[in-house]
Amino acid sequence: ARFHRCILDGGSIGYNGKNPIFFDSVIKNQNSYGIYNSSYTTDYVSNCTFYNAGNDFIYAGERALITNCVFDTCSGYAIRTNNSHAILANNAYNDSSFTSGRLSINDGLDIEPITLTSSPFVDAASGDLTIDITSPAYGKGFLFENDQTSYADIGAIQHANP
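The present account deals with the structure reproduced in this document. Everything numeric here is computed off the predicted structure, so don't read it as measured data.

Conventions and cut-offs
- Residues numbered from 1 in each chain as written.
- Predicted model: local features only at pLDDT ≥ 70, side-chain atom pairs only at ≥ 80, totals over all residues.
- Heavy atoms only, no water.
- Helix = DSSP H or I, 4+ residues; strand = E, 2+ residues; numbered from the N terminus.
- Rg over C-alpha atoms; globule rule 2.2 N^0.38 Å.
- Buried < 20%, exposed > 50% of the residue type's maximum accessible area, 1.4 Å probe, protein only.
- Contact = heavy atoms within 4.5 Å.
- Areas by Shrake-Rupley, 256 points an atom, 1.4 Å probe, with all protein chains shown as cover.
- Lys, Arg positive; Asp, Glu negative; His and termini not counted.
- Charge placed at Lys NZ, Arg CZ, Asp CG, Glu CD.
- Pairing = 2+ DSSP bridges.
- Axes fitted to C-alpha atoms, helices over the stretch in contact; angles between N-to-C directions.
- Salt bridge = Lys/Arg side-chain N within 4 Å of Asp/Glu carboxyl O.
- Core = buried A, V, L, I, M, F, W, Y, C linked by side-chain atoms within 4.5 Å.

Things to note about the overall build of the protein chain
Okay, step 1: Check the secondary structure of the protein chain and you find zero helices and 19 strands.
Okay, step 2: For 162 residues, the compact-globule estimate of 2.2 N^0.38 gives 15 Å, and the protein chain sits close to it at 14 Å.
Okay, step 3: Oriented by its inertia axes, the alpha-carbon framework of the protein chain measures out at about 40 × 30 × 30 Å.
Okay, step 4: The burial tally for the protein chain puts 46% of its 162 residues in the buried class.
Okay, step 5: Relative to all contacts within the protein chain whose residues are 6 or more apart in sequence, the contacts with residues 24 or more apart total 25%.
Okay, step 6: Only carbon and sulfur atoms are counted for the fraction: they give 47% of the accessible area of the protein chain, which is about 7800 Å².
Okay, step 7: Counting 8 positive and 16 negative side-chain charges, the protein chain places the averaged centre of each group 8 Å from the other.

Focus on the sheet that holds strand β2 (residues 7-9)
Okay, step 1: Strand order in the open sheet formed by six strands is β2-β5-β8-β11-β14-β17, with parallel pairing between adjacent strands. At either end of the open sheet lies a strand with only one pairing partner, and these are β2 and β17 (114-116). Each strand of the sheet is rotated relative to its neighbour by a mean of 10°, with strand direction disregarded.
Okay, step 2: Sheet topology note: the strand β14 (residues 92-94)/β17 ladder contains three bridges and is parallel. Within the sheet, the bridge partner assigned to Tyr 93 lies in β17 and is Thr 115.

Observations regarding the environment of Gly 101
Okay, step 1: Looking at the secondary structure, you find Gly 101 in the loop between β14 and β15 (103-104).
Okay, step 2: Classification of Gly 101 as partly exposed rests on a relative accessible area of 23%.
Okay, step 3: Sequence spacing of Gly 101 and Thr 73 is 28 residues, and the spatial spacing of their C-alpha atoms is 11 Å.
Okay, step 4: Ignoring any residue separated from it by four or fewer positions in sequence, one finds Gly 101 in contact with Gly 76, Tyr 77 and Ala 78.

Looking at the pattern of salt bridges
Okay, step 1: On inspection of all chains with the given rule, the structure shows five salt bridges.
Okay, step 2: The salt bridge involving Asp 110 is made with Arg 102; its shortest N-O contact spans 3.0 Å.
Okay, step 3: What makes Asp 110 partly exposed here is its relative accessible area of 22%.
Okay, step 4: One network of salt bridges, in which partners are shared, links Asp 95, Arg 102 and Asp 110.

Here we look at unusual backbone geometry
Among all residues save glycine, negative phi is the norm, and among peptide bonds the norm is trans.
Okay, step 1: Residue Asp 24 is not a glycine yet carries a positive backbone phi of 50°.
Okay, step 2: Relative to the helices and strands, Asp 24 resides in the loop between β4 (21-23) and β5 (26-30).
Okay, step 3: Look at Asn 52: it is not a glycine, yet its phi comes out positive at around 65°.
Okay, step 4: You can call Asn 52 partly exposed: its relative accessible area is 30%.

Considerations on the nonpolar core
Okay, step 1: Core analysis: the largest hydrophobic core is formed by 23 residues, its most contacted members being Val 45, Phe 50, Phe 57, Ile 58, Ile 66 and Phe 71.
Okay, step 2: Secondary-structure elements contributing two or more residues to this core are β8 (49-53), β9 (58-60), β10 (63-67), β11 (70-74) and β13 (85-89).

Written as structure tokens, this is what we have:
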């Protein structure tokens, strides 16, 4: 399953299946999990925004590569793996919003994490998941391909009229 520039909003689980690949997507308001990998397969998630999950945002398969994502408000972990290996890079976490802590990974690396002390969004409660310019997640994404002087925000690329 491959998702690009998608919005998964509500329900029990945003995505439940094998081999999830997500780019530039928003996964929000799930009662349980944002992404639940139901088998021991690879997860690849990049430039995504996660907001408001009842359990964990990502329950990953055997191998996970998660980069340039922002996580805010859940009852469990931002990322949980079950006897798996994970490489996480350039993600932003609002740790105060997690009951269980930021990560539960068996083996892996969390490279250059950004720990937030408050929600990074302009007004998440009203549905505005744009990164606030005062947030440490603002301008901390990867370089734009066509402009080597500007950085995207961490999380899904915001559009003027979603």
